[in-house]
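Structural characterization, general
One-letter residues, chain by chain:
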Amino acid sequence: MSHGPSHRPSTPGASSARVPAARPRRLVVGLTGGIGSGKSTVADLFAVRGAAIVDTDAIAHELTAPGSAAIDAIRAEFGDGVIRADGALDRDAMRERVFDDPAARQRLEAILHPMIRAESQRRLAAAEGAYAMLVVPLLVESGGRAGDVDRVLVVDCPTGVQIERVMRRNGLSRERVATILGAQASRAQRLAAADDVIDNGGAADALDAQVEALHRRYAQADRCESS
């Protein structure tokens, strides 16, 4: 709160010595893509180049570990059936609980999303490096997180490639993976929301070249306005 100007005499240069110059605002890139698109692989390639990675899915895992911030609220809302014996969230049980129940999913999101957003903002504020990357699997579905990111980077690949990857990785049936994809934003919706796109449907060296090109662009982005 301002109490008006001070009437104490000032010493030339004293104010500038006490108050540091405003820190230039860091570019924040929102990284997203459908299940099996390869978001984690892409994030790792940016990380080795010096990007500060803030992964909301990793934060969600931390918040639902034994004794963590969200567990008591989730237990109170959904009961012991979604909590493992070690005290962590049983993600498979919770997934089954909310997948076909929009009201249950909204109750879970009401618990987790404010915590995830607060922690992601804290980490972004503390991040080092020329730019930061906020990894949000459901960025498009959540309305684009207006104000949180400066650019949206979509990791894209053919739907058939996504299905095969998730089947191999998670041991799920083709029908189950197709159902999961049907509950997410469509490929066309993601591409329409994208400022930048990485094609992850091909060879690893092609992926690395795309990441390198975008890394150079992001690192050189002019973010001179004050935060």
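The coordinates are above.
Residues numbered from 1 in each chain as written. Predicted model: local features only at pLDDT ≥ 70, side-chain atom pairs only at ≥ 80, totals over all residues. Heavy atoms only, no water.

When helices and strands are counted, the protein chain shows 10 helices and 5 strands. Relative to its full complement of 227 residues, the protein chain shows a buried share of 37%. Contacts spanning at least 24 positions in sequence make up 73% of the contacts within the protein chain whose residues lie at least 6 apart. When the accessible surface of the protein chain is totalled, it reaches about 12800 Å², and 53% of it is carbon and sulfur. (Helix = DSSP H or I, 4+ residues; strand = E, 2+ residues; numbered from the N terminus. Buried < 20%, exposed > 50% of the residue type's maximum accessible area, 1.4 Å probe, protein only. Contact = heavy atoms within 4.5 Å. Areas by Shrake-Rupley, 256 points an atom, 1.4 Å probe, with all protein chains shown as cover.)

This paragraph deals with the pairing of strand E3 (residues 131-135). Most of E3 sits inside the fold, with 5 of its 5 residues counted as buried. Every second residue of E3 is oriented toward a common face, with Tyr131, Met133 and Val135 on one face and Ala132 and Leu134 on the other, all of them buried.

The next thing to look at is the environment of Gly129. You can see Gly129 is positioned in the loop between helix H6 (102-126) and E3. Remark: the alpha-carbon pair of Gly129 and Leu27, spanning 102 residues in sequence, is separated by 9.8 Å.

The next point concerns helix H2 (residues 39-47). Buried within H2 are the following residues: Lys39, Val42, Ala43, Leu45 and Phe46. In a view along the axis of H2, the buried residues occupy a sector of 160°, so they form one face of it. Along H2, exposed side chains directed more than 90 degrees from the buried face belong to Ser40 and Asp44. On its buried side, H2 packs onto strand E1 (27-32), strand E2 (52-55), E3, strand E4 (151-156), strand E5 (196-199) and helix H10 (204-219). (Arc of directions from axis to C-beta.)

For the rest of this paragraph, the subject is the packing of aromatic side chains. Counted by the stated rule, this structure contains 2 aromatic pairs. Ring centres of Tyr131 and Tyr218 lie 5.6 Å apart, and the angle between their planes is 65°; on these two criteria the pair is classed as edge-to-face. Separated by 87 residues along the polypeptide, Tyr131 in strand E3 and Tyr218 in helix H10 bring together distant segments of the chain. There is no split in this pair, since Tyr131 and Tyr218 are both buried. An aromatic cluster is defined as three or more aromatic residues linked by ring pairs; in this entry it consists of Phe46, Tyr131 and Tyr218. The cationic tip of Arg176 hangs over the ring face of Phe99; the distance from NZ or CZ to the ring centre is 4.5 Å. (Phe/Tyr/Trp six-rings, centres within 6.5 Å; stacked < 30°, edge-to-face > 60°. Lys NZ or Arg CZ within 6 Å of the ring centre and 35° of its normal.)

Attention now goes to the sheet that holds E5. The strand order E2-E3-E1-E4-E5 describes an open sheet built from 5 strands, whose pairing is parallel. Where the open sheet ends on each side, the last strands, each with one partner, are E2 and E5. Neighbouring strand axes in the sheet, compared pairwise and without regard to direction, differ in orientation by 25° on average. In terms of strand pairing, E1 meets E4 through 4 bridges, oriented parallel. Bridge assignment links Gly30 to a residue of E4, and that residue is Val152. Sitting on the sheet, H2 is in contact with E1, E2, E3, E4 and E5, with an inclination near 155° to E1. Lying over the sheet, H10 contacts E1, E3, E4 and E5, oriented at roughly 160° with respect to E5. (Pairing = 2+ DSSP bridges. Axes fitted to C-alpha atoms, helices over the stretch in contact; angles between N-to-C directions.)

Keep in mind these numbers describe shape, not what the thing actually does.
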